Amino acid sequence: MIGYGNVVPSTNWGKTFCIFFAFVGIPLTLIVIADWGKLFANAVVHLELMVKSKLPFLAKLSFIPTNVTGRRSLGACATIMLLFLYLACGAGMFMLWEDDWDFFDGFYFCFVTMTTIGFGDLVPKKPKYTLLCTLYILVGLALTSTIIELVRRQYAQSWRRLQRLSGPLAEALRKLGEQAGGDMSALHSDLRKVLTVISMPRLKWSASIDRSITKDQDWEEAVEAVLRDIAVSGTAPPPRKSIVQIVVYESSV
């Protein structure tokens, strides 16, 4: 689906064959690239688990987040840096292959290709490097798919947690709004406290995925219990008393 436009069918039979071939070839190509992306994404996750089990002292470094969301964001940023490094290597490769290309032209071509823009203003001219160029593009598209897969997993998990907490959270916010009595500054302060409870990082150090899911469910149940207490206490709040409870949930290490 890049479509440089430098090689195109010129006859009606060739155009007809291109149409039917694309109906089969494009889904197969997308399946292969998506599977490669999932394979690379699983490799990143397993590499993280292996590093945590073999080199536990790395987790104590200041620049490594302790929560799951922060670690996944760090992994996505590392994958993006790997993609740009891959583009830079390709730029150097094309700079050596093409006589009239400099490093910026090679990097521009690689970026336009990996993002499937495919303007066609710059295309390789030497056919003897076509196979290597094709393999380079396939791996690069798989890396791009890896970034998309990692981001999709993070947003999917966040969306599931938001759906689980939407009911108690919405009810608690409605109670807070009623108690504010027009004073939106108080509502804003209480809302920040509620969000602090929800976004509070959990201490979780287990190489088992099933145990981590169980710990997430336990944490979500604890948060839901806090929100239910907020909603119940909001029916008859005592004067000058905080209606928000802060819960510190810590798993076994």
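Values in this document were obtained by computation on a predicted structure and should not be read as measured data. (Residues numbered from 1 in each chain as written. Predicted model: local features only at pLDDT ≥ 70, side-chain atom pairs only at ≥ 80, totals over all residues. Heavy atoms only, no water.)

So, the overall build of the chain
Selection criterion: Note on conventions: DSSP H or I runs of at least 4 residues are helices, E runs of at least 2 residues are strands, and numbering of each starts at the N terminus.
Along the backbone of the chain there are 6 helices and 0 strands. For the chain, the succession of helices and strands along the chain, N to C, is α-α-α-α-α-α.

Digging into the packing of aromatic side chains
This is how the line gets drawn: Each pair of aromatic rings taken from Phe, Tyr and Trp, with Trp reduced to its six-membered ring, is defined by centres within 6.5 Å and is described as stacked if the planes are under 30 degrees apart, edge-to-face if over 60, and tilted in the remaining cases. Relative accessibility decides the category of a residue: with a 1.4 Å probe and only protein chains considered, values under 20% of the type maximum give buried, values over 50% give exposed, and everything between is partly exposed.
Using the criterion set out here, one finds 11 aromatic pairs in the structure. Geometrically, the ring pair formed by Phe94 and Trp101 is tilted, given 5.8 Å between the ring centres and 45° between the ring planes. Under the relative-accessibility criterion, Trp101 is labelled buried at 5%. Ring geometry for Trp97 and Tyr129: centres 4.3 Å apart, planes at 0°, overall stacked.

As for the nonpolar core
This is how it is decided: To form a nonpolar core, buried Ala, Val, Leu, Ile, Met, Phe, Trp, Tyr and Cys residues must be joined to one another through side-chain atoms within 4.5 Å. Contact criterion: two residues are considered in contact whenever any of their non-hydrogen atoms come within 4.5 Å of each other.
Phe94, Cys110 and Tyr136 are the most contacted members of the largest nonpolar core, which has 18 residues in total. When contributions to this core are tallied by element, the ones reaching two or more residues are α2 (68-97), α3 (103-114) and α4 (130-180). Looking at this core, the element that brings in the most residues is α4, giving 6 residues. Residue contacts for Tyr136: discarding those within four places in its chain leaves Tyr86, Leu87, Gly90, Met93, Phe94, Cys110 and Met114.

Overview of a nonpolar patch on the surface
Quick reminder of the rule: Put simply, a patch holds well-exposed residues, over 30% relative accessible area, that have no salt bridge, with like charges counted together within 9 Å and Val, Leu, Ile, Met, Phe, Trp or Tyr side chains within 5 Å. The method behind every accessible area is Shrake-Rupley, applied with a 1.4 Å probe, and residues are considered shielded solely by the protein chains displayed. What makes a salt bridge here is a side-chain nitrogen of Lys or Arg within 4 Å of a carboxyl oxygen of Asp or Glu, nothing more.
Among the surface-exposed residues, Ile19, Phe20, Phe23, Val24, Leu28 and Ile31 lie close enough to one another that they form a single nonpolar patch of about 670 Å² accessible area. By the element assignment, Ile31 lies in helix α1 (residues 12-54).

Re the UniProt feature "transmembrane region" (unreviewed entry) in the chain
Applied cut-off: UniProt positions are given in the numbering used here, feature names are shortened, and annotations may be inferred rather than shown by experiment.
Here the UniProt feature "transmembrane region" (unreviewed entry) sits at residues 12-34, 73-96 and 129-151. The straight-line gap between the two end C-alpha atoms of residues 12-34 is 32 Å; of that span, 100% is helix and 0% is strand. Helix makes up 96% of residues 129-151 and strand 0%. Its end C-alpha atoms lie 33 Å apart.

Quick word on the pattern of salt bridges
If you walk through the whole model with that rule in mind, you get 2 salt bridges. The salt bridge involving Asp99 is made with Lys126; its shortest N-O contact spans 3.7 Å. Within this pair, whereas Asp99 is found in the loop between α2 and α3, its partner Lys126 is found in the loop between α3 and α4, the two being separated by 27 residues in sequence. Of the residues examined, Lys126 reaches a relative accessible area of 28% and is grouped as partly exposed. Two residues, Lys125 and Asp100, come together in a salt bridge whose shortest N-O distance is 3.8 Å. Of the two residues, Lys125 sits in the loop between α3 and α4 while Asp100 sits in the loop between α2 and α3, which places them 25 residues apart along the sequence. By relative accessible area, Asp100 is classed as exposed at 53%.

Topic: the side chain of Glu98
Put simply, the rule reads: Just so you know, the count uses Lys and Arg for positive and Asp and Glu for negative, and it drops His and the chain ends. Here a polar contact means two N or O atoms within 3.5 Å. Within protein one must be a hydrogen donor candidate and the other an acceptor candidate, and residues neighboring in sequence count only if both atoms are side-chain atoms.
In this structure, Glu98 sits in the loop between α2 and α3. We note that Glu98 is buried and unpaired, the nearest opposite charge coming from Lys125 at a distance of 4.8 Å. Engagement of the side chain of Glu98 in a polar contact is seen with the backbone nitrogen of Lys125, the distance being 3.2 Å. Every residue in contact with Glu98, bar those within four places of it in the chain, is listed here: Pro124, Lys125 and Lys126.

Considerations on the environment of Tyr108
Here Tyr108 shows up in helix α3. Separated by 14 residues in the primary sequence, Tyr108 and Leu122 place their C-alpha atoms 8.6 Å from one another. Not counting chain neighbours up to four residues away, the residues in contact with Tyr108 comprise Phe119, Asp121 and Leu122.

A closer look at the side chain of Thr144
On the secondary structure map, Thr144 appears in helix α4. Here Thr144 falls in the buried class, since its relative accessible area comes to 17%. Once residues within four sequence positions are removed from consideration, Thr144 is found in contact with Leu83 and Met114.

Structural notes on the UniProt feature "domain: Potassium channel" (unreviewed entry) in the chain
As recorded in UniProt, the feature "domain: Potassium channel" (unreviewed entry) lies at residues 2-40 and 82-153. Strand forms 0% of residues 2-40 and helix 74%; the C-alpha atoms that close the span are 22 Å apart.

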